[in-house]
Every structure is written in C-alpha cells, then in structure tokens.
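Chain and residue survey
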Amino acid sequence: MLREKHLILVFLLLILFNSNSGYAAFKQDKGLTKVIKDDEIYLIEDYQRFESLSKQTVAVALTGGGAKAFFNIGVIKALEEEDIPIDLIVGTSMGSIVGTMYGSGISIEQIEEIIINVPFAKLLDINFMNDDYILGTSKVNKFLEDIAPYKRLEDFPIPTALLTLELDSGNKYLITTNRISKVIQASYAIPYFFPLYQMEGKYFADPGILENSPAKAAKALGADFVIATTVKSELSHGSYENPDKIVNRYVDIVSENNNRRIIENYSDIIIEARVGEYSFFDFSSAAELIEIGYQATKKKMSKIKEGLNSKKIPLKRHPARKRLNVAQEFNDIKYDRMLVPSFHFNSIIHFGQDYSLFKQDLLRSYINIPQYGFEFDKDSVDFKFLATNNASQDLEAEFRWKKLTKNTDMIAKTRIESEKRDDGELGIRYYKDNYFWGTGLGVIDNNNYVFADARYKLELNRCNLNGEVDVFFDEAGEEPKILISKKTSFKLSDKWNLRPKVVFNNSNLIESPIIYRGDEPDKFAKFQLSLDYAYTYEFVKAIKLTKMLYIKDIGAYLFTDYLNDEVSSMAYGIGLNGDFYLLGLKPVRLDGYLSYDQNANDPIIKINLNYNF
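Remember, it's a predicted structure, so these values are computed and weren't measured experimentally.

This part is about the pairing of strand 8 (residues 160-166). For strand 8, the buried fraction is high: seven of the seven residues fall into the buried class. In strand 8, alternate side chains face the same way, and those of Thr 160, Leu 162, Thr 164 and Glu 166 on one face and Ala 161, Leu 163 and Leu 165 on the other are all buried. Relative to strand 8, strand 5 (residues 88-92) runs parallel, the two being bridged by four bridges. Bridge pairing in strand 8 places Gly 91 opposite Leu 162. Here strand 8 pairs with strand 9 (residues 172-175) via four bridges, running antiparallel. Counterpart to Leu 165 in the pairing with strand 9 is Lys 172. As consecutive antiparallel partners, strand 8 and strand 9 are separated by five residues, and within that stretch Gly 170 has a phi angle of approximately 80°, a positive value. As judged from the two bridges shared by strand 8 and strand 11 (residues 202-205), these two strands associate in the antiparallel manner. Bridged to Leu 165 within strand 11 is Ala 205.

Written out as structure tokens, the structure is:
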C-alpha cells in the first residue's frame, strides 16, 4: 500500500514537472511603428497616441535596478509636490512596475503604502522544476493588474511605455498596449532570475544592460524634456577568483557605460540615487529607498524648474487621485486566494516544522524530517499533495475551490495512512481582513464530527495578538472538544519584546502544536505556556554568505516554558535565531536553544533549521 502511494506520487510529479515552459506568452494585435533614433531602431506600439501628445511634453524615464529602484517612487512624490508636469512615463524593469502603477492612476501616496506593505515573499515562487529561472512572477503580474484602476496600458490617464529588448533582432521594443498582466513581464524578464517573455514566437528580456534608464526611449516617443532617474553604480573591490564574478563585473561595466552615455546625451535632468549599500532584492528597505529618492529630487528641484522655464514649459498642478480600496487584493495574497489564469505549479519542500494539512497553522511543532509534495492551481482550482514522512507515512491532499463567493472558499482534504483508516474533512471558509472562520464535517480515527474553526489577528498599539481556535462536536452530543493556540508580542522598548504563547487541547483529535522546549511532551499535551523575553536590537549586522544569500535579523532571547499534562513541568533557557534571505525573500529560519527541564537530568540542546518552500 505504502509503496503504491509513493509510485503514484512520483508519477504525478513527473507529469507536472514537464507541464510548465516557464515563459509568458500572448498574441499581440497592435501595429508597430519603426522609429530610428540616432541609428538605433525602436519598435513602438500605438505610436500615434504619442505623436498626438501636445508639444513641450515632459517625460519621466524610470530606471531599473531591482528593489533599489523603489527610489523612483520618492522621485515622483517630490515632482508631484512641486507641480512638475508628468505627461509621459517610460520605464525599464522595476521602473516599468513603478511607472505602470502611477500611469494607471494610483496615487503616489498609495503606491508608497502598497510597496512598503506588500508581502513579496508570497508573490514570488521559487522554481525547482528547471533551470530556466529562479523565481516565478505570475502572481506579481496579476496583482499589479488587480490593483490598477485601468487594466490596459492604452487606457492609462498618463501615456506609459514599457521598454524591453527583442532578442532575435536586438531591437529595443516599447510596449504601450494590452493588459498589464500580459505584458509587464517583458520589461523585467532578467535571465536566470525571472521567466523570459514570449510574443508571437519571439522572445523578450529586460533591456537594462543596454538602456537601464530609458531616456533615449523617451526621446524616441517625442518627449521634449526628459527627467531621468539612475542608480549610482558602486565599484566592486572584491576578488575575481571565479568566472561568475568576472562575468558579473563585466555586465556591470557594460551596463554602466551604456546607461551613462544615454542619460548624458538624452536627458535634461538626471536624478541619481546613492543606494550602493542596498541589494537588488532588498524589498524590506522600501521605505528607506523611497525617502532617498524623495530627498535626491528635492535637491534637484531648482534645476528642474530652471530647465522647464528655459523651454517655456509651465508648472501644472496634479489632479487629486481617488484612494483605492485594495483590501481585497491584499487579503487574496495573505490567504493565497489569487486567481491566476495560467496553469501555476509549485513543488513543496518543508523541513523543521510540521506542515501537515490536518494541523493548525499558527504554531507548528518542530520536526527534523522533510515533508514534500506539490501544489498546482489554475483560476479557482487549487490542489495540494503532501507526503508527511511521519511514523505512519501519511499522504495528505487538499482540494480548494477559491472564490466560491467573494469571501468564501470550499475546502476538502483527506489523509491516507499506511496502516490504519482514511481521514477527511469537507467545509467552507469565510475570509475577512484580520480573521477567517470555517465550518464543516469531518472524520478522524473513525470519529465523525462537526467542526468550527477560526483564525484572527489584532493589533493594539504596541501589542500584536494572533489566535487560532478549533471546536469539535461529535455524534454522541457530548461536550464540545477544543484546541486553542495563541501567540502575542508586546513591544516593551526599542530593544526588548515579550512574546507569550499558549496552547490548550482536550480534543484527542488534532495533535497539539508543541511549544514546550523541555523533554518532549505527549502529542496531545493538554496545556502549554511559553514566555520569551527577546532582545530585538540589531547587535550583529547582516552577514553576506553569497551574492544571493545572506543572514540577518539575528536575535537572542531568554525563555521559560510550563507544561501541564499527566504531570507538571517547567523548562527555562536561552536561545539564538536568525533568518537566511534568498534573493531578498525569507525562506529559511535558524533557531537554536539551550534548555533545562526540572524533570530531566541533562540540559537539552537543539538546533532547528526551518525552511518552507
């Protein structure tokens, strides 16, 4: 039985591993215009719209640069405050993403909020299926379209163009039409990092090495006055003992030379950000980067106004933009409810914590065995399969029909055990901003029950409270059984946090999350209390391990745990933790502690490496 289940798993994985090409593609029906700018060809969609713009057009050319290019938001913010006209937007890579948000009609204040608060780790999927790219971006593209007031580029209130590179011909290509989610990929399709982009049998990639700051593209579109942003390039003083470092440095030199020549020859104003201390994937520093862009632009403001005045271009007050309600879009990310029209596949690898589909999500027990499987979704259908690798070698599956209504999903899950019975649940779940609740029917270990569950999060000044509750009613009409988990964070000062956790379980159906750090308790432990006194001040700076991997958020804590089950027990000790960031995301957490249990003779030392891909 167990062997057959593993063969089924392998067969499904082989089929699904070969079902995704890794390229975004679509049919384009807009005519192209070939524009030659100083012996260089630009292919431009819907060029007539840009030809019809009034004379004395002011363009903002937004540079790429990954997360560092978030400084573009601060640039636009400062330009708006000083009534600097923005008649046209051209973007490269991250500049295209920022430009698309602003050109579509989102206010610059709300763009700032969105970029600071959006959970990029949930929008970027790590790809294990092939070596074409590292991060899947279909959710990023869909999110950008979902929050935009206008979904198609040709409808934008501010004409917007996305610069990309057509690989076969080597021509630069300006996308100005079609849906955001269909075309935005073309401008930031960086080889190895993100999927390439395909249109009508041709491939497109990020043009950053040739024109990272698209000032020349803005001139090709007819701009009379170009404000170009650029990222200050920092020289590398590292050694060059391997080919990768040599190639990376070579690319940097070529890109810098091309970019410098373009902005000096085709821009009227250059706004340069000194962001050398930030990385390409430093998403968590968005607020700081935006402020850097804002201050850099303020320093250039007198020159900007002088330049406009010399060309007799008047200042122009920007009309107020309506604030958008994007709570639904953020909830869809938080609860993994985005409807992605293309087939979307992810392999699953867990290590360090128990991610069984039949256990609570808020707190998870430590385990030092891998769990693996896959997940795929398309539109409303989401299917997940997991081999738990526990003592009974369970195989678990979950089917979810997303958006049964605007706030409701249907969820069915099953567990097949190698030696015993099959378990299962069927229910619905209702989602809101800071909580969700669900109800349905289930059977575990031949016990039939009706269940209700809920998860909530409250933020009160310096306190964050998270809780999860499962209640079970059996057929016999006995008193309901309950499993409650809570964790709270109290900010005592800039350096110290108090973090209590509580678990209570009398269900004998769902295993307790184990938070007790003494001798291992029973899997249905009735009551556990944990109290961490955490030192949060950054006493160790980030440690760079490789170009793409570094460790930061290194912290220390003291703890006291209490257990009340068959016997009472207490444990206390000290711990250290840190997060490994891969490409600016946070998939790996390292936690180690030394514990003394009053009922044990020897100290307990544990190191837990938790990753969740």
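Here the narrative resumes, following the displayed structure.
Before going further, it helps to examine empty space enclosed by the protein. Enumeration over the complete set of coordinates arrives at two cavities of 30 Å³ or more. In this model, the largest cavity occupies a volume close to 250 Å³. In terms of lining residues, the largest cavity is bounded by 22 residues, among which Met 94, Ile 97, Phe 120, Val 140 and Phe 283 are the most central. At the level of secondary structure, the elements contributing two or more residues to the lining of the largest cavity comprise helix 4 (94-103), helix 5 (108-117), helix 6 (120-123) and helix 7 (138-147). Along the lines of polarity and charge, the residues of the lining of the largest cavity split into 20 nonpolar, two polar and no charged. If you go around the second largest cavity, the residues you meet are Ile 411, Lys 413, Glu 425, Leu 426, Gly 427, Ile 428, Arg 429, Gly 438, Thr 439, Phe 451 and Asp 453. Among the elements of the structure, strand 18 (408-416), strand 19 (422-431), strand 20 (435-444) and strand 21 (447-460) are those that each provide at least two residues to the lining of the second largest cavity. No other element matches strand 19, which puts five residues into the lining of the second largest cavity. Here the lining of the second largest cavity is built from residues that sort into four nonpolar, three polar and four charged.

For the coordinates displayed, the defined rule picks out 30 aromatic pairs. Considering the side-chain rings of Tyr 572 and Tyr 596, the 6.0 Å spacing of their centres and the 25° angle between planes classify their relative orientation as stacked. In this pair, Tyr 572 is assigned in strand 28 (residues 568-582) and Tyr 596 in strand 29 (residues 585-597), connecting sequence segments 24 residues apart. The partly exposed category is assigned to Tyr 596, whose relative accessible area is 38%. Within the aromatic cluster, the residues linked to one another by ring pairs are Phe 70, Phe 120, Tyr 188, Phe 193, Phe 194, Phe 280, Phe 281 and Phe 283. Over the ring of Tyr 102 we find Arg 321, and its NZ or CZ is 4.1 Å from the ring centre.

The residues that UniProt annotates with the feature "active site" (unreviewed entry) are Ser 93 and Asp 206. Across 114 residues in sequence, these annotated residues keep their C-alpha atoms within 6.1 Å of one another, forming a single compact spot. Taken from the residues named earlier, the lining of the largest cavity is made up of Ser 93. Secondary-structure assignment places Ser 93 in the loop between strand 5 and helix 4.

Moving on to helix 7. In terms of burial, helix 7 is a largely internal element, eight of the 10 residues being buried. Here helix 7 has its buried residues at Lys 139, Val 140, Asn 141, Lys 142, Phe 143, Leu 144, Glu 145 and Ile 147.

For side chains of opposite charge, pairing can occur when their charged atoms come near one another. Considering all chains together, one arrives at 39 salt bridges under this definition. Salt-bridge contacts for Lys 298 lead to Glu 81; the nearest nitrogen and oxygen are separated by 3.1 Å. Linking Lys 298 in helix 12 (residues 286-310) with Glu 81 in helix 3 (residues 71-81), this pair joins segments that are 217 residues apart in sequence. With relative accessibility at 27%, the residue Lys 298 sits in the partly exposed group. With a shortest N-O distance of 2.7 Å, Arg 589 and Asp 579 are connected by a salt bridge.

With that settled, the discussion passes to a negative patch on the surface. A contiguous patch of negative charge, built from Asp 474, Glu 475, Glu 478 and Glu 479, is present on the exposed surface. Looking at the secondary structure, you find Glu 475 in the loop between strand 22 (463-474) and strand 23 (481-491). The exposure class of Glu 475 is exposed, given its relative accessible area of 66%.

For the rest of this paragraph, the subject is the pairing of strand 17 (residues 395-405). Pairing of strand 16 (residues 381-387) with strand 17, which is carried by seven bridges, proceeds in the antiparallel orientation. Among the inter-strand pairings, Ala 387 is bridged to a residue of strand 17, identified as Leu 395. Of the strand pairs in this sheet, strand 17 and strand 18 are connected by eight bridges, and their pairing is antiparallel. Residue Glu 396 lies in a different strand from strand 18, and its bridge partner there is Arg 415. Where strand 17 folds back onto strand 18 in an antiparallel hairpin, the turn is made up of two residues.

Averaged over all residues, the pLDDT of the protein equals 87, while 88% of them reach at least 70. Every residue in residues 1-29 is under pLDDT 50, and counting partners more than four places away or in other chains gives 57 contacts.

In this section: helix 5. What helix 5 keeps buried is the set Ile 108, Gln 110, Ile 111, Glu 112, Ile 114 and Ile 115. Those residues of helix 5 that are buried are in contact with helix 3, helix 4, helix 6, helix 7, helix 12 and helix 13 (327-334).

We now examine the side chain of Thr 388. Positionally, Thr 388 belongs in the loop between strand 16 and strand 17. The residues contacting Thr 388, other than those within four sequence positions of it, are Ile 369, Pro 370, Gln 371, Asp 394 and Glu 396.

Let us look at the environment of Leu 404. Inspection of the secondary structure assignment puts Leu 404 in strand 17. For Leu 404 and Ser 380, which are 24 residues apart along the polypeptide, the C-alpha to C-alpha distance reads 8.2 Å. Not counting chain neighbours up to four residues away, the residues in contact with Leu 404 comprise Asp 409 and Met 410.

Quick notes on the rules
Residues numbered from 1 in each chain as written. Predicted model: local features only at pLDDT ≥ 70, side-chain atom pairs only at ≥ 80, totals over all residues. Heavy atoms only, no water. Buried < 20%, exposed > 50% of the residue type's maximum accessible area, 1.4 Å probe, protein only. Helix = DSSP H or I, 4+ residues; strand = E, 2+ residues; numbered from the N terminus. Pairing = 2+ DSSP bridges. 1 Å grid on protein atoms, 1.4 Å probe; cavity = no way out; pocket = protein on both sides within 12 Å on 5 of 7 lines; lining within 4 Å. Points joined across faces, edges and corners; volume = space filled by probe spheres on them. Nonpolar A, V, L, I, M, F, W, Y, C, P; charged D, E, K, R; others polar. Phe/Tyr/Trp six-rings, centres within 6.5 Å; stacked < 30°, edge-to-face > 60°. Lys NZ or Arg CZ within 6 Å of the ring centre and 35° of its normal. UniProt positions renumbered as here; feature names shortened; annotations may be inferred. Salt bridge = Lys/Arg side-chain N within 4 Å of Asp/Glu carboxyl O. Patch = residues over 30% accessible without salt bridge, like charges linked within 9 Å, V, L, I, M, F, W, Y side chains within 5 Å. Areas by Shrake-Rupley, 256 points an atom, 1.4 Å probe, with all protein chains shown as cover. Lys, Arg positive; Asp, Glu negative; His and termini not counted. Charge placed at Lys NZ, Arg CZ, Asp CG, Glu CD. pLDDT = per-residue confidence, 0-100. Contact = heavy atoms within 4.5 Å.

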